[in-house]
Amino acid sequence: MQDYEESVLFLGSWGPFQKKIFFVLCLTCVPCGYNILSVIFLLASPPHHCDIPAHRNLSQEWIQASIPAEVAGQPERSSCSRYELDLVWNLSAMGASPNWMLNQSAQGSRPEVLLSNLKQEECKDGWTYSTEYFQSTVVTEFDLVCSEQWKQPLTSLVYFLGGLSGCFVSGLISDQFGRKPVLFGSIAILSIFSSAVAFAPSWPVFTVLFFMLGLGQIACYIVVFVLGSEILVGSSRILFSSLGQPFVYAFSMMLLPGTAYLVRSWRHLSLIMAVPGLACIPLWWLVPESPRWLLSQGRLQEAELLLRSAALENRVEAPPVIFHPPKAEKAGSQKAESVSFLDLLKTANIRHITLKLWLIWFSVSVSYFGLSFSMSTLYGNPFLNYFLLTAVELPAYFASWLAARSLPRRLSYISFSLLGALALLLIQVTMKSYPTLTMFLVLLGKFGVLAGNGVIYTYTGELSPTVIRNTAMSSCAMFSRVGSSVSPYLLEMAEFNELLPWIVLGVLSLLSVVLCTFLPEMFRQPLPDTIEQMPVTQWFAWSWPSKTSLKGEEKVTKEQTTSLEIICTTCL
């Protein structure tokens, strides 16, 4: 089969057909972006303390005094213990005042009793939760606190494991049955299980449904990405993958904090999360199947019919024969080049590069999602905090796109990641005294991490040879999902020190910087086609574009454009 890009040149790159596909696919990306932060708001853990039953008939003073005061930087009521309620009730019945139980001398004939000397007990009657920001969450309804607190990060882990499974399942099914059915199937999964989660009667049932929600969330994003990169070509493809889809994804993420602010009940919020998916159902009749996939399945007539219909929309004339039959010798050569996952570790050179990329993707993913989870430890309105945290993704995507066009890969990634790492490490200096400055550093750290993430996508594709590029990207995406699965447990470190999660995030960003330093530069370099053509690492050697290399200017420009499209042609 002749080159697909050359075969569809008659359509142009930005006609009515491409514009329709661009905007419709961006709309189908809204459900997956809208649901990604659901793990934050559904599993929010508001301040709480032991419940004091009303039948005890204790005054408000005694209710307040029944909860021990813990000092962790500032006075804070205990979340998981109370003074023995029988003793407190006896003291109340004796007519004692809780004010006399403090470290003050009693005035009068009654003996002095210090509350701090009373025996404590666990919360036998449940908990009372603050409703300042959340009317109800999964944590408050199923009491996932204190001895059951371990269920919080486990639930988040299950959600991201669903996403990990989605990376594999969506790719296998879409290769077998097509991109379009998997896209709308994943959107249907989001809507169905978002609605089902709202009626979960218990934590185990919620966890199972939440796994399915994660499965659809990641699968939806990947299939939209692949479908857009296979239908669009040239500049429209680069615009879609680098700016269009990421911008719409980030914008849809910004909608959920606003919705959660208006709807404080987790069950009602879950139902609303199903609405974007339902709204995308009519788009089934506007989204075509991928012509590339149809050709790969030997469905030549369907592919040509689709492209001729696109030609009518663009008001251009299609050639009599769009695709020519493949040549036997070319098919044989492609079959000879088939490789497996183990080839990523075949030679010492590709093994070193692959292991470094896996660790970098893991570190970036832990930092990205760890930032979101650690936001709950900051002061201020959580809805505003998360809105700002998602809004900063817009300039980060734009910055990574500009860097990919004109700057060396290592310099771009190291600069962005160092910016993020330094911002995260400085948080330990400002967190207790300067909340506004701390929030600024968090946003700056998120900007650096996300911009670096955008660069590493292109960098990984450029480093990987053509014969194994899809497999390399898939393996890196797998380690990225492993990192996101681990990130919920960063909050557990705050039990030892509230600054520890931020320090870990900063150190991981620095680790990725060190690893990137040992990777070969690929900016404006020919892309490797085979494993033997992969560049050998030149440690600390920076490759800057030469101003005198005007002779091969057209070739350089073509290679640069190709490198930007690498991520668009992979199935992750």
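First, a word on what this report is: a plain description of the structure on this page.

Cut-offs applied
Residues numbered from 1 in each chain as written. Predicted model: local features only at pLDDT ≥ 70, side-chain atom pairs only at ≥ 80, totals over all residues. Heavy atoms only, no water. Helix = DSSP H or I, 4+ residues; strand = E, 2+ residues; numbered from the N terminus. Buried < 20%, exposed > 50% of the residue type's maximum accessible area, 1.4 Å probe, protein only. Areas by Shrake-Rupley, 256 points an atom, 1.4 Å probe, with all protein chains shown as cover. Disulfide = S-S within 2.5 Å. Polar contact = N/O pair within 3.5 Å; in protein donor to acceptor, adjacent residues only side chain to side chain. Salt bridge = Lys/Arg side-chain N within 4 Å of Asp/Glu carboxyl O. Expected span 1.5 Å × (residues − 1). Contact = heavy atoms within 4.5 Å. 1 Å grid on protein atoms, 1.4 Å probe; cavity = no way out; pocket = protein on both sides within 12 Å on 5 of 7 lines; lining within 4 Å. Points joined across faces, edges and corners; volume = space filled by probe spheres on them. Nonpolar A, V, L, I, M, F, W, Y, C, P; charged D, E, K, R; others polar. Axes fitted to C-alpha atoms, helices over the stretch in contact; angles between N-to-C directions. Parallel < 35°, antiparallel > 145°, perpendicular 65-115°, else oblique. Left-handed = near helix turned anticlockwise from the far one by under 90°. Phe/Tyr/Trp six-rings, centres within 6.5 Å; stacked < 30°, edge-to-face > 60°. Core = buried A, V, L, I, M, F, W, Y, C linked by side-chain atoms within 4.5 Å. Patch = residues over 30% accessible without salt bridge, like charges linked within 9 Å, V, L, I, M, F, W, Y side chains within 5 Å.

1. Quick look at the overall build of the protein
At step 1: Tallying secondary structure elements over the protein gives 25 helices and six strands in all.
At step 2: Expressed as a percentage of its 572 residues, the buried residues of the protein come to 52%.
At step 3: Carbon and sulfur atoms form 63% of the exposed surface of the protein, whose accessible area is close to 26,200 Å².

2. Looking at the state of the cysteines
At step 1: Counting across every chain of the model gives two disulfides.
At step 2: Covalent S-S linkage joins C50 and C123, the inter-sulfur distance amounting to 1.7 Å. Across the S-S bond linking C50 and C123, the dihedral sits near -60°, which makes this disulfide left-handed. Here C50, found in strand β1 (residues 48–50), pairs with C123, found in the loop between β5 (120–122) and β6 (127–129); they are 73 residues apart in sequence, far enough to count as distant. Pair check on accessibility: C50 and C123 agree, each one buried.
At step 3: In this model, C80 is linked to C146 through a disulfide, with the two sulfur atoms separated by 2.0 Å.

3. Topic: the side chain of R410
At step 1: Tracing the backbone through its elements, the reader meets R410 in helix α20 (residues 409–430).
At step 2: On the basis of relative accessibility, which here comes to 0%, the residue R410 falls in the buried class.
At step 3: In terms of polar contacts, R410 uses its side chain to reach the backbone carbonyl oxygen of T517, at 2.8 Å.
At step 4: At 2.8 Å, the side chain of R410 and the backbone oxygen of L519 are in polar contact.

4. Details of the pattern of salt bridges
At step 1: Applying the stated rule across the entire model yields nine salt bridges.
At step 2: Salt-bridge contacts for E393 lead to K446; the nearest nitrogen and oxygen are separated by 3.2 Å. Taken together, the positions of E393 in helix α19 (residues 393–406) and K446 in helix α21 (residues 435–463) put the pair 53 residues apart, joining distant regions of the chain. K446 shares its class with E393; the two are buried.
At step 3: One salt-bridge network, in which partners are shared between bridges, spans R82, E121, K124 and D125.

5. Regarding helix α2 (residues 16–28)
At step 1: With 13 residues, α2 should reach 18 Å at 1.5 Å per residue; the first-to-last C-alpha distance of 18 Å fits that figure.
At step 2: For α2, the set of buried residues is F17, Q18, I21, F22, V24, L25, C26 and T28.
At step 3: Where α2 is buried, its residues touch α3 (30–35), α9 (179–197), α10 (203–231), α11 (234–262) and α15 (300–314).

6. Re empty space enclosed by the protein
At step 1: Counted under the stated rule, the structure contains seven cavities of 30 Å³ or more.
At step 2: Around the largest cavity sit 32 residues that line it, and Y221, Y397, L450, N453 and Y457 are the ones nearest its centre.
At step 3: Listed by contribution, the elements that provide at least two residues to the lining of the largest cavity are α10, α11, α17 (348–374), α19, α21 and α22 (469–486).
At step 4: In terms of residue count, the dominant contributor to the lining of the largest cavity is α21 (six residues).
At step 5: Its residues assigned to classes, the lining of the largest cavity comprises 22 nonpolar, nine polar and one charged.

7. Things to note about the packing of α20 against helix α24 (residues 500–517)
At step 1: Across the interface, α20 lies against α24 with an axial gap of 8 Å and an inter-helix angle of 160°. As judged from the angle between their axes, α20 and α24 are roughly antiparallel. Between α20 and α24 the crossing geometry is left-handed. The segment α20 lies against α24, with R410, Y413, I414, S417, L418, A421, L424, L425, I427 and Q428 engaging W502, I503, L505, G506, V507, S509, L510, S512, V513, C516 and T517.
At step 2: Of the residues belonging to the contact of α20 with α24, the class tally is 14 nonpolar, six polar and one charged.

8. Some remarks on unusual backbone geometry
At step 1: Positioned with a positive phi, D143 is a non-glycine residue whose angle comes to about 55°.
At step 2: Tracing the backbone shows D143 in the loop between α7 (138–142) and α8 (151–177).
At step 3: For D143, a relative accessible area of 26% corresponds to the partly exposed category.
At step 4: Although it is not a glycine, C146 sits at a positive phi angle of roughly 55°.

9. Describing the packing of aromatic side chains
At step 1: Considering all chains together, one arrives at 17 aromatic pairs under this definition.
At step 2: Plain terms: the ring middles of F22 and F240 are 5.8 Å apart, the flat faces sit at 75° to each other, and that makes the pair edge-to-face. With F22 in helix α2 and F240 in helix α11, this pair connects stretches of sequence that are 218 residues apart. For the pair shown, F22 and F240 are each scored as buried.
At step 3: Centroid distance F416 to F447: 6.3 Å. Interplanar angle 80°. Geometry classified as edge-to-face.

10. Structural notes on the nonpolar core
At step 1: Counting residues in hydrophobic clusters, the biggest one holds 140 residues, and the most contacted among them are F41, L183 and F206.
At step 2: Every residue in contact with F206, bar those within four places of it in the chain, is listed here: L43, V138, F142, T155, V197, A200 and W266.

11. Let's talk about the side chain of S38
At step 1: Here S38 shows up in helix α4 (residues 38–42).
At step 2: Contacts of S38, omitting those with residues within four sequence positions, involve L43, Y159, F210, L213, L256 and M273.

12. Looking at a nonpolar patch on the surface
At step 1: Side chains of F168, V169, I173 and F177 sit close together on the surface and give an oily, nonpolar patch of about 370 Å² of accessible area.
At step 2: Within the element layout of this structure, I173 appears in helix α8.

13. Remarks on the environment of T140
At step 1: Inspection of the secondary structure assignment puts T140 in helix α7.
At step 2: Residue classification places T140 among the buried residues on the basis of a relative accessible area of 14%.
At step 3: Spatially, the C-alpha atoms of T140 and W127 are 8.4 Å apart, while their sequence positions differ by 13 residues.
At step 4: Within the local environment of T140, its side chain forms a polar contact with the backbone nitrogen of T137, the two atoms lying 2.8 Å apart.

14. Description of the packing of α9 against helix α12 (residues 266–273)
At step 1: Contact geometry for α9 and α12: axes closest at 7 Å, N-to-C directions at 165°. Here α12 runs roughly antiparallel to α9, going by the angle between their axes. Crossing of α9 against α12: the hand is left-handed. Contacts between α9 and α12 pair S194, S195 and V197 from the former with W266, R267, S270, L271 and M273 from the latter.
At step 2: Classifying every residue of the contact of α9 with α12 gives four nonpolar, three polar and one charged.

15. Here's the deal with the environment of F479
At step 1: Its place among the elements puts F479 in helix α22.
At step 2: Expressed as a C-alpha distance, the spacing of F479 and W361, which sit 118 residues apart in the sequence, is 6.4 Å.
At step 3: Once you skip the residues sitting within four places of it in the chain, F479 turns out to touch W358 and F362.

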